[in-house]
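Letter by letter, the chains look like this.
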Amino acid sequence: LPVEHVASGDADKCVYCLTCLRVCPYHAMGKNIEERVAQPVTTACQGCGICAAECPAEAIELRNLSRGSVLAAMQAL
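Note that this is a predicted model, so its numbers are computed, not measured.

1. Points about the layout of surface pockets
Stage number 1. Its volume calculated, the largest pocket comes out at about 180 Å³.
Stage number 2. Lining the largest pocket are 19 residues, with Asp10, Cys14, Ala38, Ala59 and Ile60 sitting closest to its centre.
Stage number 3. Contributing elements (two or more residues each) for the lining of the largest pocket: helix H1 (19-23) and strand S3 (37-40).
Stage number 4. No other element matches S3, which puts 4 residues into the lining of the largest pocket.
Stage number 5. Split by residue class, the lining of the largest pocket holds 15 nonpolar, 3 polar and 1 charged.

Structure below.
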């Protein structure tokens, strides 16, 4: 996928549950221990949207894609 579809995290919404780390098949999520937030590793992100779809705090989205379109695409699979 083009680089504009990588995950982007909102540190203000992140509750540090680390669900995204557990569900990412590409190991493209990391954690910032000092700030207690999950952070995408953009060089490893494949833009699949699993992290955004599974984030209970809705703190992750794919750049240039809405959460709704990601969920619709996931449901279509």
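Don't stop here, the text continues.
2. Some thoughts on the confidence of the model for the protein
Reading predicted coordinates in detail is not appropriate for stretches of low pLDDT.
Stage number 1. Looking at the protein as a whole, the pLDDT averages 86, with 87% of positions reaching at least 70.
Stage number 2. Ranking the elements of the protein by mean pLDDT puts helix H3 (residues 67-76) last, at 72, and H1 first, at 97.

3. Let's talk about unusual backbone geometry
Stage number 1. Here the phi dihedral of His27 falls at roughly 55°; this positive angle occurs in a residue that is not glycine.
Stage number 2. Mapped onto the fold, His27 is located in the loop between H1 and strand S2 (29-32).
Stage number 3. The backbone of Arg36 sits at a positive phi, close to 55°, despite the residue not being glycine.
Stage number 4. Note that Arg36 resides in the loop between S2 and S3.
Stage number 5. For Arg36, a relative accessible area of 53% translates into the label exposed.

4. What to know about empty space enclosed by the protein
Stage number 1. Counted according to the given criterion, the structure contains 1 cavity of 30 Å³ or more.
Stage number 2. Taken as a whole, the largest cavity encloses approximately 60 Å³ of empty space.
Stage number 3. Ala7, Cys24, Tyr26, Ala28, Met29, Cys45, Gln46, Gly47, Cys48, Gly49, Cys51 and Leu62 together form the lining of the largest cavity.
Stage number 4. For the lining of the largest cavity, the per-class residue count stands at 9 nonpolar, 3 polar and no charged.

Rules and cut-offs
- Residues numbered from 1 in each chain as written.
- Predicted model: local features only at pLDDT ≥ 70, side-chain atom pairs only at ≥ 80, totals over all residues.
- Heavy atoms only, no water.
- 1 Å grid on protein atoms, 1.4 Å probe; cavity = no way out; pocket = protein on both sides within 12 Å on 5 of 7 lines; lining within 4 Å.
- Points joined across faces, edges and corners; volume = space filled by probe spheres on them.
- Helix = DSSP H or I, 4+ residues; strand = E, 2+ residues; numbered from the N terminus.
- Nonpolar A, V, L, I, M, F, W, Y, C, P; charged D, E, K, R; others polar.
- pLDDT = per-residue confidence, 0-100.
- Buried < 20%, exposed > 50% of the residue type's maximum accessible area, 1.4 Å probe, protein only.

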